[in-house]
Amino acid sequence: MKETLQDFYRLPNINKYEKVCLQSLSEQCNAYEEKVRTIISRLPEKDKQVLETYLSLRNDLEVETFKTALRWGKLHYK
């Protein structure tokens, strides 16, 4: 997971705002992503590129989703 995305899960007092433990889910995702990257290293270059592109796009989507949620919250809960 990109460091920029991990930073979102280290917010002060985040447990007051979450319904599930985001830190725990983040750690689990990191562990599985490490396993996926190990698998990727053994794949043919074409397949490797597909999975690396997917992981990058997924990270970008998560960051943008978080940003959108923050903007929406600011707009609707002043």
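This report concerns the structure included in the present document. If you're wondering where the values come from, they're calculated on a predicted model, not measured in any experiment.

Calculation rules
Residues numbered from 1 in each chain as written. Predicted model: local features only at pLDDT ≥ 70, side-chain atom pairs only at ≥ 80, totals over all residues. Heavy atoms only, no water. Helix = DSSP H or I, 4+ residues; strand = E, 2+ residues; numbered from the N terminus. Contact = heavy atoms within 4.5 Å. Areas by Shrake-Rupley, 256 points an atom, 1.4 Å probe, with all protein chains shown as cover. Salt bridge = Lys/Arg side-chain N within 4 Å of Asp/Glu carboxyl O. Buried < 20%, exposed > 50% of the residue type's maximum accessible area, 1.4 Å probe, protein only. Phe/Tyr/Trp six-rings, centres within 6.5 Å; stacked < 30°, edge-to-face > 60°. Lys NZ or Arg CZ within 6 Å of the ring centre and 35° of its normal.

Once that is clear, we can look at the overall build of the protein. Per the secondary structure count, the protein includes 3 helices and 0 strands. Written out in order from the N terminus, the α and β elements of the protein read α-α-α. Taking as baseline every contact in the protein between residues at least 6 positions apart, the subset at least 24 positions apart corresponds to 50%. In the structure as shown, the protein presents an accessible area of about 6,400 Å², 60% of it carried by carbon and sulfur atoms.

So, about the pattern of salt bridges. When the charged atoms of two side chains with opposite charge come close together, those side chains can pair. Per the stated rule, a full pass over the model turns up 5 salt bridges. Among the salt bridges present, the one from K67 reaches E64, with a minimum N-O distance of 3.3 Å. Here K67 and its partner E64 are both found in helix α3 (residues 45-76), 3 residues apart, which amounts to about one turn of the helix. Salt bridges linked by common partners bring E33, R37, R58 and E62 together as one network.

This part takes up the environment of R37. Residue placement: R37 occurs in helix α2 (residues 22-40). Residue classification places R37 among the partly exposed positions, given a relative accessible area of 35%. Taking the C-alpha atoms as reference, R37 lies 9.1 Å from K48; in sequence the two are 11 residues apart. In contact with R37, other than residues within four places in its own chain, are E52 and L55.

It is worth spelling out the packing of aromatic side chains at this point. Between two aromatic rings, the relevant description is the distance of the centres plus the angle of the planes. Enumeration according to the criterion identifies 0 aromatic pairs in this entry. In this structure, K35 packs its charged tip against the face of Y32, placed 5.0 Å from the ring centre.

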